[in-house]
Structure formats: structure tokens, C-alpha cells
Amino acid sequence: MTVNFLMQNLINALQWGSFYALIALGYSMVYSILMLFNFAHGDIFMVGAYIGLGVSLGLLSLFGSGAAAVLPGWVVLVLTILISMFLTAFVGIIVERVGYRPLREAPRASAAITGLMIGIILETANILFLGGSRLKFPQLIESVTYNIGGVYVTNKKIMIVLVSIGLMLALHQLITRTKWGMAMRAMAYDYVVVPLVGVPMNTIAAMTFAIGSALAAAAGILFGLAYPVLDPYMGVSFGWKAFVAAILGGRGSIMGACIAGFMLGFIEIMTVPAIQIMNRLFSLNIGSNFRDLIAYSIVLLILIFRPHGLFGQAYSAKLRL
Amino acid sequence: MDETLAPKQTGGIFYRVGLFFKPVPLLGYLIGFLVCVLWEQLAGEGLSSLLGLPKMPILFGLLTIFKVLAGIVNFLIKGDAFHWARLVEIPMALVYLTVIYLVPLALVARAAVKPANAMARYLQKFPLIITALVQLGLMYAVLHVWAEVSDYRLIFLKLTLIAVLFTLSLNIINGYMGEFSCSHPGFMAIGAYMSSLFTVGLFASDKVLGDAVFNFSAAYLTFPLALIFGGLMASLCALIIAIPSFKTRGDYLAIISLAFLFIVKSFFENMQALGGSRGISGQPDWATLPVIFITMAFGIWTINNFVTSTMGKALNAVRDDESAAEAMTVDTRKTKMAAFLFGAFWAGVSGGLLAHVLRYVNPAMFSVQKLAEVLAMVYFGGLNSVYGSIVGAVSISLLGEALRPLEIFKWIVIPLLLILVMIYRPTGLIAFKEFNARQVFGPKEVD
Amino acid sequence: MRKFSSGLLLSLVAVIAFTFVAVDAGAADTIKIGFNIPLTGDNPDVGASSKNAAEMYLKKNPKVTVGGKTYALKFFYDDNEYKAESAVKVSTKLITEEGVLGIIGPQSSSQAVPAGEVANNYATPMISPWSTNPNTTLNRPYVFRGCFLDPFQGPVIANFATDELGAKKAAVLYDIAADYPKGLAEFFKEAFEKIHGAGSVVAFESFTTGDKDFSAQMTNIMMTGADVLFVPQYYSEVPLIVRAAKEMGWTKPILGSDSWGGGDLMGLCGDDCKGYYFSTHYAAAGAKGATKTFIDEYTAAYGKTPDDVAALTWDSLGLMVQAIKDTGKLSGDIKADRTKVKDALASIKNFPGITGNMTFTPEGDPKKCAVVVKINDAGKFEFFKSVCPK
């Protein structure tokens, strides 16, 4: 029973962590190249989810849904993800052009403020165009629950985890195997000198935002599948927490962001069963409501003992906020 | 505003206006404002009805103007009926602003140059504290008379003064020390809860915290104690951030402070003894305008002394280069610790004031939204500057209130404005400007 | 110095001119009612519903006759951004600047408690349609509310679970950071344990506002073997919780509270929510009389069924206008009129609202019946049972 219980929570944590990881990647990529945090990223995730909603509804009306469907659900899903990633990439590029490029020489905190403000504008624009009420994300694939020895797993959970890991691997390939990836890594290494040898700073910056936003869009659609209620503020707390994951992973470390994203998801989800097991073992009475308190105390402790995150480099004057 | 502060050689209109007002000391402006607000009490009602305004403009006519604009926006978007005759209110509000404020202020301030300077020079013979007290008293008189017209002004003024103190306390850490601390709403929450605990627990009967322990008529005299208690508890909790800041900086400290904010909020949500998510209500009505004004003035004074002291210079040194500062015998640990504790103390005090103005406190008030708000105030006004914090807090509060009729469009206009400020003045409107009390309160010599 | 003296002279002339032009500022034949509602902020749809209901009311009843004199109704909508600070500012502004006779709102307790203080201090009647925190009306003669309270609704659901579903063990999943779910969850627990003994609420799980993942809590609830799950959450969270429950293999009934009826629950939840029960103010399917008219007209005007915020706002507005009529005559002195309206509100008996007949207790809370509805297979809220306070 306890094993089942832990396994169940572990699977839930994997799904939850994959959202954090995908979003944290966007933060981390922008960070490694431009040395600034894109605080609008949480809201780009929201925009991505809404674009996904629009695209999937469009595709469903085009190809029919339910019994009259021309295309199977998973094809529509793949198309939705690809088209939305493409469209959201442009949102990222616009955000970079408007909010960050004029501020590249400015103190980094100023860019953080523009990021926050762009986030507010995106939320407000959403309310203006779609109204304040929540929208339902269409269930593109039939949900099937498997019972594996008392552990309940749905096909969607498996798919979400696999797709996120696939996207992370694809990103890894892009960064390590392509010329653009090399340019990005070079820029991350030294963004003052590298442009002098002919790497176009503006293109790389725009590309970074585009890739980060595309990943956020994918996260948004997967999120919509798992938790099918979209609201204009869904990106706010998610964005801040993914920001925590990005830094926890270590500044600008792509792998660190992935691992820290899964770790944060794991900490947040596993706190609840941990409390329950503690309660049972020591007959205490702590409520699961202490989840945030305990989860972020753990984060705080990790940072106290590893002040540069899991995979980050030490502080230097150049990297100051 | 910017042009008047840094006159250009080109001789434009701003330069000439700046030159015209250059010899006016603060005392002159205060006298001017006093005349304006008295003049408004006398003639405001009559003038506004003469101008055909429905009500006396309450926030310098801004609210009136934006109400009309909001009507136009609703007409364009939703097709709501709009009486075009109302358009006339915009120029009328401007006329009101000119007649009641601008003209008398300009005339009196300019005309009173000589007596005001003479007075300021005379006051300068006394210790600084006397000069300051006289002028602060005058400033309070201005605000008091201004707020007397309407209780809406009063509540706006109270919350704005609290925002000034709160913004300034964050500026110590984010501006003077150059960290990016996200924990300030947390400190404010601690101050608000602890001072409420003090006042509600001891002097008021409440469902959550039980009957009053003490019951005497002069209980409000203990309010400073409550505020100090709140501030000290906030300082104590600031140790959680101050100690890690010895080893870590920048982004890592930013998320340590963010995690702290989440923890504090979660803590108060879960503390059933403190009302949980329902919060505490029924604080005694002790946060009156004079109390808030005195606290704010005292706060600005101590913060300004702190940042202009050796310790304050050490703060700037730590910001600009920590290892160099260390090499120059700056005790970086002590400096950081002092900055965090001091900033948290005043955030706690402002939280205590806020709780007693609203007479209610709940954990949802101290969310990341509050964080975005106070960050906007600090960076809009300007880093590393007392003026900046005052300007930032006042202008964002004023904008927030004046743009309220625009409803949802408010949240397009304010962020756009902030983005523009960040693009054209990345460090904020008035950054890195030292606040020299002697100079501010002293006479302006005409050269 | 010459400039100074000429300015002084001009000012003096102006003073004399203006102080004699005293014009009666308020138009005498309008009644102003203020709305302190969240048009922006975290819950813009709450504000939108309130505004929709109010606008519909105004369109239907643009004029009120009090004691033989006809007044035009005028509504002032002000945005409180879903923040306590702004709610206080807005209430002060509505009372002192706009000179309203009464205020409707704020909707949520976190704004209604501090704004109620303001309304009471300025002796202005205020009705919060939606706030369930006892502190909103506690010791505040000028503050009223439009909805029933947790101490009533909690036992209604607990009794329903016992009598109709035969539940012996119950689980609760609620948001600890929000005022309403938390209060209701506690009263349900109290009532259920009173019937079945201590410990019969086998799981009392919570989460924090904004959480989307309930799998950890559901895993635990599944382990306890509860017969019924009570979810006092808002319509936006219910679909996620129901899904999480189904994915964990939950097949037993789920119960909800009146918050389920807010917003577009069926649009978000789809088939998942069918067959569950919740307590609310009225059953939309098979509604009769004024309730049906309201639902039909609202649906025609705004393209969606009215949520409980809209219905309660409508009723609060109806109460306010009824009280204004009951005063018999308005004196034109706004302060005296406000007190008269408050007295009239307090003595209203059996006001026929669309959410039931209402009578205020001395605290300013309404006594009204709750109904339990079932979400039928057509996705409609079908009447199941009505429970009235004793």
C-alpha cells in the first residue's frame, strides 16, 4: 500500500515537474545568452496555451471532431503543438524586440521590470479580447486510465512526460549539434566579444526568445490537456515558480533547469505524502496545506547550502543584477 | 520635471520656467501650496459649479479628465451612450487646475522668494532639526487642509504616504545595495500581522484573538510600540535572507527572497490562531493622518541618515564591487545585515500602518501582485534616491487612482508608461540623487 | 512686487465671485447607487457578472417611485481590482464623492470586510451579495449580505450526504488560502462529525489558490475509503478536481456548494460533472416565475446563463431598491436618507427574490432556503431538494 502510494505520487510529480522544466528552460536560455530574466515568460506560457486552444478549435472545426473526425485525435494534437509553437515563437520575438532589445545596455533590473509589465499587458489583452471567464481546453485524445497494480496512470500523463522529455532532447541536439546552437553557446560564453567575430547578436537573441516561447507554448498545450481550464492569470504563479526552478538549476544551465524543474515538481507534490507519512508514523496532525511552506523552505535550504544552484557557476561582478 | 532639474543651455521653455523658479526655496513652495489649498477650500466649490463640473475635481482634475476619456472609450468599443457635452469637462478641469493650483502656486512661490529665503536663512541659524520641523509642520498643514476637502482624498493620502515609506524601504536593498529582493511584501505582512496582534490582541475584543487584555482610554499612545514591534519582528525574520546574502548574491538571493515571500504567505494562510485566510479585522482606528505623516517623515529621515552615513557609502561600495569593498576594509557582512534589517524594519512599520488604515489584514494582500507594484514604484521613481522613491510611489498611486475609471485599459496604460520610462530612463526618473536635508530645507541663493 | 499685488487683487475678486455662486450640486431627482466590484484583477468575471446584472436591472427599471415622486436610478460602477486597499478607496469615493445612497458589493469577503467598515463608519447601507465571512456584517448595522452563510449551508450538505446518499465517511478537499471554501469546509466537517461521530471526516485535504494539480491530495483521499467527497470550490477549479478524482479511479458521489453554480461550470466540466449534487440558491432547470424570467432575459442579453454572482447581485439590488421604496419619502438630505434606507432594509420581510424569499436577521444576514440540485444527464441543474432554516 505504501509503495503504491509513493509510486502514484511519483508519477504525478513527474507530470507536474515536466511543466516546470519546460518553462524553466525558456528562462534559462534567455538568461544564458542575454543575462536577463524574461519575467514575461510565465505569460508567454499563458499565451501559448490560448493560441493552442484557438488552433485546436480551428483544426477540430476543419477536420471535424468526435465520430465525424477525419483525422485521429493524436494527429490533431501534434499539429496543434507544432502550429502553436511556431506562432508563439513570434510572440517571443515581438516581446524581445519591444521590451528587451532597447534595454540591452540598461541595468538588468530595469529589463526585469519591463518583463513584468509586458506580462501584465499580455494578461490584460487576453481579458480584453476573450473576456474574463475561463475557457475549456478541448480534449483532443480520449483519456484512458490504466490500473497497474493499484497505481492509476492515464495515457495523457505518459504522453505529457514523454513529449516533454522529447522536446528537451531535441533542444539539446539543437544546441550541441547545429551551427546556430554553437553560436548560442558562444554568445552565452561571452556576449561582449562574440558579436565582434561576426555572430549576429540580434538574430541570436531573437532566436533564443523564439525557442523559449515555443517550448512554453508546448508546455501550455500539454498543460491544457492535463488541466483543461485556462484562465488569463494561469501564467503568473507558474512563471514565478518556474523562475525559481531555473535559478535553482544554476544560472544559465540548460540541463540544470530541466533537472531543477523536475525536482521542484517532485518537492511540491511529494511534500503532501511526506506529511501524511509523518503524520501516520508519529501520529501528528499537520495538514497538507503546509505544502508551499515546506516546499519553499526546502528550496531555501538548498540555496543556503548550494548558493550557486545545482549546476551554476560562482558569482562574478559581470553577472550582477 | 526632468528639464527643470537639469537645465540645458538651449534656453527652451522648460529652461526658462526652471530659471524663473530657481530661486524659490522649499519654504516658498510650501507657502504657495498652503495658499492653494486654502484657496481651494474657499473657492473650489464655487469655481467648479461655475465651470459646469459635476463635482469639485478631487485629484487635481485628473480623475475628471479620465472619467470623460473612459466614457469615450466605452462609446467607441461598446457603443455605450456618451454625452458629447461632457467633453467640455476636460478643458474645464484644466482651467480648474490652473486657477486653483498652478497660478496661485506660481505667483505666491515666486512672489514670496525674498521673504521665504529670508525666513529660511533665519531658520538656518537654528539646528537643522528646528528648520526641518518648521517646514515639515508646514507640509503637514498643506496636506491636512488638502485632505480636509474630502475623505476620499484622506484615504488616498494615507495609503500614498504608506506607499512612500514602503518603496523607500525597498530602495535601501534594491537601489542602494543593488540586490533584487522580492521579499518585501513578506516583511510588510509580518509587520502588519504583528502590529495587529499587538493592538487587536491587547486592546480590542476580537473573535480570533479573544477579549481585550487592557482597557484604558489612552491606549492609542501604545500605537508606536505596536509599529515598532511589527518592524522588529519583520527585521528578525529578515535574518533568514540576510544570512544567506553573505555567501550569495544577485539572482540566487532574488529567489531566496522569493521563496521567503511564498513561505510567509503560506505561513499566515495556515496560522489559524491568526485568522488563517480570513485574516484579522477590527484593528483600532489609530492610524490617523498625523500619525502616518510623522512616521513617514521619521522613516525618511532615518533612512536618509542611514544611506548617507559611512554605512550607506559602504552599501554602495558593496553594490559596485564586493571584493574591492572588502579590500578597502568594508565589513560587507555587517553592511548587508544592516541594510536588510533596516529595510525590513521600515517595511514592517509600513505594514503596521496599512493594517490600521484598512483595519483589516489578510494574507492575500501580500501576494506577488504587491511585489510587482512596489518594484514598479521603486524602478519608476529611480534607484538609489530618496526623491526617486517619493516620486515613484506618489506618481504610481496617483496614476492608479486617476486611471481607475478606465477599468481594464488602466492595465494597458500603466505598464506601457513604465516600459517607456524604463526604455528612456533605465534607472528611473530621479535616480542617484542625494537628498541633502540642509540643502532642501535651506534658502536658495540666487546667483 | 507689482505682479504679486495684481495677482492678489485678482484672487480676491475671484474669491468674492465664486463664493457667491453657490449652485445646488446634486440633481434632486436621481437616486444614486454605487457598485464596488472587481472589474479587473484576479477575478474579472465576477465583476462582469455583477455589472451585467446591474445593467439589466437598470434597463428594466430605470425609474423608482418613492412616496409618489419618481426618481431616475443612476448606477456608479467602480473597480476594486480584487484588492482590499482598492475596495476601501472605492467605497470611500462612492460615499464621499459620488454621494451614493447605498452600495452594492464588494463581492468577496477579502474586500467586503474592510469595505464594510467604511460603509458602516459613513452610515451608508451596503449589501454584499456574495461575501460569506461573518465579520462582514458583524456589529455593523449598515452592512447586509445577499447570500446564506456557511453555518447554514455546511449542515445542509452534511445532512444531504447522510440522508440521501447514506454516507458514513466523508472526504473534503478545499482551498485553504481562500476565505469561502475554508469556512464552508470547516462547517461541513463540524456538521458531519456531529452526525457520525468524531473522525468520520476521514480526509480533510487542502491546497492553495492557483493550484492546478490535485493528484497528491486525491491519492490520499482514495486511500481513506471515503463514501463521498465534498468540494466547496469555485467553478473554475471543480473541473480539475473532478478530473483528478476520476483519473485516480474515484467512482463515488461528489458534492459541491453554491460556488459550483458560478460561471460556466458545464462548459468547462462537460460530461465529467454529470450526476453530482450541489447546494445552491435556485435550480435553473424548471425554474418558475421571476426566476425563470431573469434566467431567460439574462441568457438572451449576454449569451450565457446567469451565475450565482449575477443572481445574488440582482437580488441585492432588488432589496436595496425595495428598501428605498419602503422609506416612504426621501428628504433629499443624503445622510438622513441613508439611515432611513438602512432601517427599511433591516425591517424587510419575505422579500421575494429570485434566489428565494429573504428576511434579514438583526445581524444583517438573510434567512433564506437552500436547494440541492443534481446535474442531470442533459447537463442541466435539476431541482432535487429544498432545505429551509428553522
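Computed from a prediction, not measured in an experiment: that's the story for all the values here.

## Here's the deal with the sheet that holds strand E12 (residues 351–353) of chain C
Hydrogen bonding along the main chain pairs the strands of a sheet, whether they run parallel or antiparallel. All names here are of chain C. Read from one edge to the other, the open sheet built from 3 strands follows the order E12-E13-E14, with strand pairing classed as antiparallel. At either margin of the open sheet sits one strand with a lone partner, and together these are E12 and strand E14 (366–367). When E12 meets strand E13 (residues 356–360), the two strands line up antiparallel, connected through 3 bridges. Bridge assignment links Phe351 to a residue of E13, and that residue is Met358. In the packing of helix H11 (residues 308–326) onto the sheet, the strands contacted are E12 and E13, and the crossing angle to E12 comes to about 150°.

## As for the interface of chain B and chain A
With 40 residues of chain B at the contact, the number on the chain A side is 49 residues. For the pairing of chain B and chain A, the buried interface totals around 4000 Å² over both sides, and the portion due to carbon and sulfur atoms is 80%. Per-residue buried area on chain B facing chain A is highest for B:Asp251, B:Tyr252 and B:Ile255; these three make up 18% of the total on that side. Taken together, the connections running from chain B to chain A amount to 0 salt bridges. Across the chain B-chain A interface, the total number found is 3 residue pairs in polar contact (both at pLDDT 80 or more). For the side of chain B that touches chain A, the secondary-structure elements that each account for two or more residues are helix H11 (250–270), helix H13 (310–320), helix H16 (368–381) and helix H18 (410–424) of chain B. Looking at the side of chain B that touches chain A element by element, the count peaks at 13 residues for H11(B). The class makeup of the residues in the side of chain B that touches chain A is 29 nonpolar, 6 polar and 5 charged.

## With respect to the pattern of salt bridges
Residues and elements named next belong to chain B. Evaluation of the coordinates by the stated rule reveals 34 salt bridges over all chains. The shortest N-O distance in the salt bridge between Glu322 and Lys336 comes to 2.9 Å. Here Glu322, found in helix H14 (residues 322–327), pairs with Lys336, found in helix H15 (residues 332–358); they are 14 residues apart in sequence, far enough to count as distant. Given a relative accessible area of 16%, Glu322 falls into the buried group. Salt-bridge contacts for Glu401 lead to Arg404; the nearest nitrogen and oxygen are separated by 2.8 Å. In this pair, the class of Glu401 matches that of Arg404, namely buried.

## A word on the domain arrangement of chain C
All names here are of chain C. Its domain assignment divides chain C into domain 1 (30–148 + 289–367) and domain 2 (150–280). Using C-alpha coordinates to define each centre, domain 1 is positioned 30 Å away from domain 2. Taken together, the contact pairs 9 residues of domain 1 with 13 residues of domain 2. Summed over the three residues of domain 1 that lose the most area to domain 2, namely Thr132, Phe148 and Asp308, the buried surface amounts to 59% of that side.

Reading the values: the criteria
- Residues numbered from 1 in each chain as written.
- Chains lettered and ligands numbered in written order.
- Predicted model: local features only at pLDDT ≥ 70, side-chain atom pairs only at ≥ 80, totals over all residues.
- Heavy atoms only, no water.
- Pairing = 2+ DSSP bridges.
- Helix = DSSP H or I, 4+ residues; strand = E, 2+ residues; numbered from the N terminus.
- Contact = heavy atoms within 4.5 Å.
- Axes fitted to C-alpha atoms, helices over the stretch in contact; angles between N-to-C directions.
- Buried area = accessible area lost by both parts, 1.4 Å probe.
- Salt bridge = Lys/Arg side-chain N within 4 Å of Asp/Glu carboxyl O.
- Polar contact = N/O pair within 3.5 Å; in protein donor to acceptor, adjacent residues only side chain to side chain.
- Nonpolar A, V, L, I, M, F, W, Y, C, P; charged D, E, K, R; others polar.
- Buried < 20%, exposed > 50% of the residue type's maximum accessible area, 1.4 Å probe, protein only.
- Domains from an automatic or database assignment.

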